[in-house]
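Okay, here's what each chain looks like letter by letter:
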Amino acid sequence: MKRYGNLYPQITEFSNFLLAARKAQKGKRFRENVLAFNYNLEGELNTLQSELTHKTYQPGTYRTFEIKEPKLRTVSAAPYRDRVVHHALCNIIVPLIEPSFTSSSYANRVGYGMHRALNRFVDHYRSHRYVLLCDIQKYFPSIDLEILKLLLRRKLKCQDTLWLLDTIIDNSNPQIPIIEHFPGDDLLTPLQRRKGLPIGNLTSQFFANVYLNGLDHFVAEELKINAYVRYVDDFALFANDWTILADARIAIEAYLTQLRLKIHPIKSQLFSTEHGANFLGFRVFPKRIRVRNENLRRGRRRLKKLKRHRIQGKITDTQVASSLQSWFAHLAYGNTRPLQRQIFTSLASARE
């Protein structure tokens, strides 16, 4: 297994920090914290470069808030200068580690993404008799930080880079407590092991793929199942033999104990593809795809809010169009023409 060294000079190079700042501000240029950082951009980047070079860098305090859609989650936002560091780190290590990922992993990867994952899921769904749908229980709060560090050390040997990775990981803010026992544990083991990565970090998204990369290889190389797709902690296996998938579930559960993870006992199910299956916000049937009712309700609430803000003059038509662009692209994958007509009618009335 190839391990990469001598990476830190590339990470701390000024041009890499400048590129990182451009990436970090994408879509956020006019936020107050970004404007303040960019006001003295060269000085801020020089300070970060000096702190990393001399290893005096310490991450700041996370800002934590909850989102309720699509489900209740705690999101942690790192200070902007830390997000620049995250991009500077990922600029260098992601191109080195990502080639070891399989083509079945679709989340947070350039050229992959949610809709391509959905397309692959649909292709497999319509060409196989059975599907094993799995969801890892409380994935981000359950990630074991010592195991994560070990996995990163299997790919990287640059001690300075590992110091920065450890600094970011160790300064993750506390997540919701997960108490799960695994073979060999005593009563206090779950309390003694630090767990959890903050949802919202660029590094956390990348680490989440690193953590489950071994599972992707296990499914393909040990279980010999090529009809497989994973998006973060949601994954699906397909076969024409029920027994193959039943045995695969047992093997996967055993494999995940090495990572101190468990699949969700209710959301993880094995069933015939004659029935509908939920995946990435869609309900997939053998001959059609529908947006899930919950997502449609959320979309209608969003539409009402946009319409209200447009009538009040808080936003412009351009801002409305920008806000809806990605949502329309998402809706296009399901049978949503009535909803799209409703959107156009509502927005037309708001402009009158």
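An unreviewed UniProt entry lists the protein under the name RNA-dependent DNA polymerase, with Desertifilum tharense IPPAS B-1220 as the source organism.

A. Quick peek at the overall build of the protein. Counting secondary structure elements, the protein contains 15 helices and 9 strands. Residues classed as buried in the protein amount to 49% of the 352 residues present. By element, 51% of the accessible surface of the protein is carried by carbon and sulfur atoms, the whole surface being about 18,600 Å².

B. Focus on the pairing of strand β4 (residues 228-231). Burial along β4 is two-sided: Y228 and R230 facing one way and V229 and Y231 facing the other are all buried. One ladder, built from 4 bridges, connects β4 with strand β5 (residues 234-239); its direction is antiparallel. Pairing of Y231 across the sheet is with D234, part of β5.

C. A look at helix α5 (residues 80-97). Compared with an ideal rise of 1.5 Å per residue, which puts 18 residues at 26 Å, α5 spans 25 Å between its outermost C-alpha atoms and is within 8% of the ideal. A bend of about 35° at C90 is the largest found in α5. Taking burial as the measure, the 18 residues of α5 include 15 buried ones, the bulk of the element.

D. Just the sheet that holds strand β8 (residues 282-284), in detail. With antiparallel pairing, 3 strands are arranged side by side in an open sheet as β7-β8-β9. Two strands bound the open sheet, and with one partner strand each, they are β7 (277-279) and β9 (289-291). Each neighbouring strand pair of the sheet contributes to a mean axis angle of 30°, computed without reference to strand direction. Examined bridge by bridge, β7 and β8 share 3 bridges and lie antiparallel to one another. Paired with F279 across the two strands is F282, which belongs to β8.

E. Representation of the packing of aromatic side chains in the model. A full pass over the atoms with the stated rule returns 12 aromatic pairs. Pairing F101 with F206 gives two aromatic rings, centres 6.1 Å apart and planes at 40°, and the pair type is tilted. One end of the pair, F101, is in the loop between α5 and α6 (114-125); the other, F206, is in helix α11 (residues 202-222), and 105 residues separate them in sequence. Its relative accessible area of 8% is what places F101 among the buried residues. Summarising the aromatic geometry, the rings of F206 and F207 are spaced 6.3 Å apart at their centres and angled 50° between planes, so their arrangement reads as tilted. Members of the aromatic cluster, connected to one another through ring pairs, are F121, Y125, F238 and F279. The ring centre of Y112 lies 4.0 Å from the NZ or CZ of R109, which sits over that ring. Sitting over the ring of F285, R288 keeps its end group 4.3 Å from the ring centre.

F. Representation of the pattern of salt bridges. In this structure the tally under the stated criterion is 12 salt bridges. A salt bridge links R260 to D185, with the nearest nitrogen and oxygen atoms 2.7 Å apart. With a gap of 75 residues between them, R260 in the loop between α12 (242-257) and β6 (269-272) and D185 in the loop between α9 (159-170) and α10 (189-192) connect regions that are remote in the sequence. Relative accessible area serves as the criterion here: at 11%, R260 is assigned to the buried category. Linked through salt bridges whose partners overlap, the residues forming this network are D144, D185, R193 and R260.

Conventions adopted
- Residues numbered from 1 in each chain as written.
- Predicted model: local features only at pLDDT ≥ 70, side-chain atom pairs only at ≥ 80, totals over all residues.
- Heavy atoms only, no water.
- Helix = DSSP H or I, 4+ residues; strand = E, 2+ residues; numbered from the N terminus.
- Buried < 20%, exposed > 50% of the residue type's maximum accessible area, 1.4 Å probe, protein only.
- Areas by Shrake-Rupley, 256 points an atom, 1.4 Å probe, with all protein chains shown as cover.
- Pairing = 2+ DSSP bridges.
- Expected span 1.5 Å × (residues − 1).
- Bend = angle between axes of the 7 residues up to and from the residue.
- Axes fitted to C-alpha atoms, helices over the stretch in contact; angles between N-to-C directions.
- Phe/Tyr/Trp six-rings, centres within 6.5 Å; stacked < 30°, edge-to-face > 60°.
- Lys NZ or Arg CZ within 6 Å of the ring centre and 35° of its normal.
- Salt bridge = Lys/Arg side-chain N within 4 Å of Asp/Glu carboxyl O.

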